Amino acid sequence: MSGEGRGALLAILLAASPAAALAESLTDAILLAYQTNPTQRAQRAQLRAIDEGLVQARAGYGPQVGITGQAGYDVARIEQPGSPFSPAADKTYRAQTESADLSIVQPLYSGGATRAQIQAASADVLAGRANLRRAESDLIVRVITAYLDLRRDRETIRVLKDEIANLTAEFDETKAKGEGGQLTRTDVAETLGRMLSAQAELNLAEGRLNVSNAQYLAVVGQSPGALDPEPELAGLPRTVEEAFDAAERNNPQLMAAIATERSARQRIAQAKAAFGPTLSVRVDATVTPAAAYLEKQYARSLTGAVTFSQPLFTSGLTNSRVREAADRDSQAQLEIEATRRGVIQQVAQAWSQLVSTRGALAIEVRQVEAERASVEGNRIEERAGLRSTIELLNAELELTTSRVTLVQGRHDEYLARASVLAAMGLLEARFLVPGVEAYDTRSDLDRAKRIDAPPWEAVVGAVDSLGAAAPGRPMAKQEGGSRPSDLPPLPQSQKP
C-alpha cells in the first residue's frame with residue numbers, strides 16, 4: 001500500500017474511533033442543534049410564511065394595476081345574389097383585431113377593514129415568534145435530555161464494569177479458597193451468581209446506551225464523542241415566586257396565546273367594517289379597434305372614476321360574521337387563562353422536582369461515601385474471617401446500587417433545573433451559548449415590507465382609520481391569579 005493510501009486509511013480509522021473524537025460540550029451540542037435541526041428550521045420557515053400575511057394585508061393600502069390584452073383574426077364572407085339591376089357578389093373581409101386595457105385601482109377607504117386586517121396580521125407575527133421561541137426551548141430540552149442520558153448511561157456502564165472487576169477478583173479468590181477447603185461451594189456459587197448478575201446488568205446498560213446514542217444523533221445531528229461535564233445553568237431563580245413572575249412575563253406559550261387573542265379581537269373590527277362604505281379611485285386606459293375590419297385604426301380612451309359602495313342588506317351574512325369573530329375572540333380569551341394555568345402548573349411541577357431531586361442528591365452523595373466505607377470494612381473483616389462472603393457481596397451490591405442511583409440523581413437534578421428555566425421562558429440559545437448568532441426574526445419581515453410599498457401608504461392608512469369600527473373589548477388583566485403557596489424553598493446545590 002502506498003503512503004497516501006496508508007494515510008487515508010489511518011484518517012478513516014481515527015475518524016471512526018470514538019476515542020479519537022474531540023470532546024464536545026453541552027454548549028456545542030445546543031449550538032449545532034440550534035443551527036441545523038430540521039424541526040427548528042421548519043418552524044423558522046413557518047414564521048416567514050406568517051410574515052408574508054402581514055405584507056399581504058398591507059397591500060390593501062396600495063394600488064392594484066392590471067393589463068388585459070387581446071389579439072384576434074376575423075373573417076367575414078358576404079354573399080349577395082344577383083338581380084336584374086346588379087350582378088351577384090361574393091366578397092370576403094379579413095382583419096386582425098387587437099385591444100388592450102390598463103386599469104389602476106387605488107383604495108381610499110375600507111371602513112377600517114384593511115387597518116384591522118393589518119393589526120391582526122401583526123399580532124399573528126408576534127404569535128409566530130413566540131411559537132418559534134417555544135420550539136427552540138423544546139429543542140434545547142431534548143438536547144439536554146439526550147446529552148444527560150448519554151452521560152448517565154456511560155457512567156452507569158463504568159460503575160458496572162468496576163463492580164464486575166471487583167467481583168471477578170473476589171470470585172477468583174473465593175474459588176481458590178474453596179479449592180483449599182477454606183470456603184464452601186456455596187460461597188463460590190454466591191460469588192459466581194453475583195458476577196453473572198452484574199454482567200447481565202451491563203448488557204442491559206449497553207443496550208440503553210445504544211438507544212441514547214440514536215436519540216442524540218436524531219436531535220443534535222451527529223454521533224456523540226467524548227462528552228464534557230454539564231455547565232452551570234444561569235438564570236435559576238432564588239424563590240418560586242420569582243419563577244412564577246418570570247414565567248408570566250416570558251413564557252412563549254403564554255405570549256403566543258396573548259398575541260392570538262389580539263389577532264382575534266382585530267378580526268371583530270374587520271368583520272364590522274363590512275357594514276360601512278368603501279371608496280376607491282379607478283383609472284382605465286383602453287385601446288380598441290375603431291371599427292370592424294379597418295386595420296390600424298384604433299380608438300383610444302382614458303377614463304377615471306371614483307367608486308363608492310355601501311352595503312344595504314346582506315341577509316344576515318355580515319351580522320353572522322361579526323358574531324363568529326366575537327365568539328372566536330371569547331375562545332382566545334379563555335385559552336389565555338387556560339394557558340396561564342398550564343404555565344403555573346409547569347413551574348410548580350418543575351420546581352417541586354428540582355427541590356426533591358436536589359434534596360435527595362445530597363443524601364445520595366453521603367450514602368455512597370458510607371457504602372464505600374462499608375465495603376472496605378467488610379472486605380478486611382471477610383479476609384480476617386469476621387464476615388461471611390455473602391455479607392461482603394451484599395455490601396458491594398449496595399454500593400453499586402447507590403452509585404447508579406447517584407448517577408441518576410445528578411441526571412434528574414440537572415434536567416429539573418432545565419425544566420424550571422424552560423417554564424420561565426429562559427431556556428434559549430441566546431442565554432446558554434455565549435456569542436451565538438441568534439436567528440433574526442425581523443430581517444425577513446423588514447425586507448418583505450419594503451417590497452412594492454407605495455409612498456402614500458401612511459396617508460391612506462390614516463384615512464382608513466377614520467370612523468373605523470372598534471375591535472372587541474380586551475380581556476381584563478389577570479393580576480397574578482392563583483398560585484401554589486406551599487412549595488418548599490430550594491436547597492443549596494450539591495457539587496458532585
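Right, let's walk through the structure included here. These numbers were taken from a predicted model, which means no experiment stands behind them. (Residues numbered from 1 in each chain as written. Predicted model: local features only at pLDDT ≥ 70, side-chain atom pairs only at ≥ 80, totals over all residues. Heavy atoms only, no water.)

Below, the discussion takes up helix H5 (residues 185-220). Its 36 residues place the ends of H5 52 Å apart at the C-alpha level, agreeing with the 52 Å of an ideal helix rising 1.5 Å per residue. Following H5 by one or two positions, Gly221 has its phi on the positive side, about 105°. (Helix = DSSP H or I, 4+ residues; strand = E, 2+ residues; numbered from the N terminus. Expected span 1.5 Å × (residues − 1).)

For the rest of this paragraph, the subject is a nonpolar patch on the surface. A contiguous nonpolar surface patch, about 550 Å² in accessible area, is contributed by Val65, Ile67, Leu102, Ile104, Val283 and Leu302. Those elements that place two or more of their residues in the nonpolar patch are strand S1 (64-80) and strand S2 (89-109). If you trace the backbone, Val283 turns up in strand S3 (residues 278-289). (Patch = residues over 30% accessible without salt bridge, like charges linked within 9 Å, V, L, I, M, F, W, Y side chains within 5 Å. Areas by Shrake-Rupley, 256 points an atom, 1.4 Å probe, with all protein chains shown as cover. Salt bridge = Lys/Arg side-chain N within 4 Å of Asp/Glu carboxyl O.)

What follows deals with unusual backbone geometry. Positive phi outside glycine occurs at Ser315, with the angle close to 55°. Relative to the helices and strands, Ser315 resides in the loop between strand S4 (298-309) and helix H8 (317-383).

Glancing now at the sheet that holds S3. Here four strands make up an open sheet; going across it, the order is S1-S2-S3-S4 and the pairing antiparallel. Either end of the sheet is taken by a strand with one partner, and the two such strands are S1 and S4. Along the sheet, successive strands turn relative to each other by an average axial angle of 15°, direction set aside. Examined bridge by bridge, S1 and S2 share 17 bridges and lie antiparallel to one another. Among the inter-strand pairings, Val65 is bridged to a residue of S2, identified as Ile104. (Pairing = 2+ DSSP bridges. Axes fitted to C-alpha atoms, helices over the stretch in contact; angles between N-to-C directions.)

Mapped onto the elements, Asp284 comes out in strand S3. Once residues lying within four places of it in the same chain are set aside, the contact partners of Asp284 are Asp101, Leu102, Ser103, Ser301, Leu302 and Thr303. (Contact = heavy atoms within 4.5 Å.)

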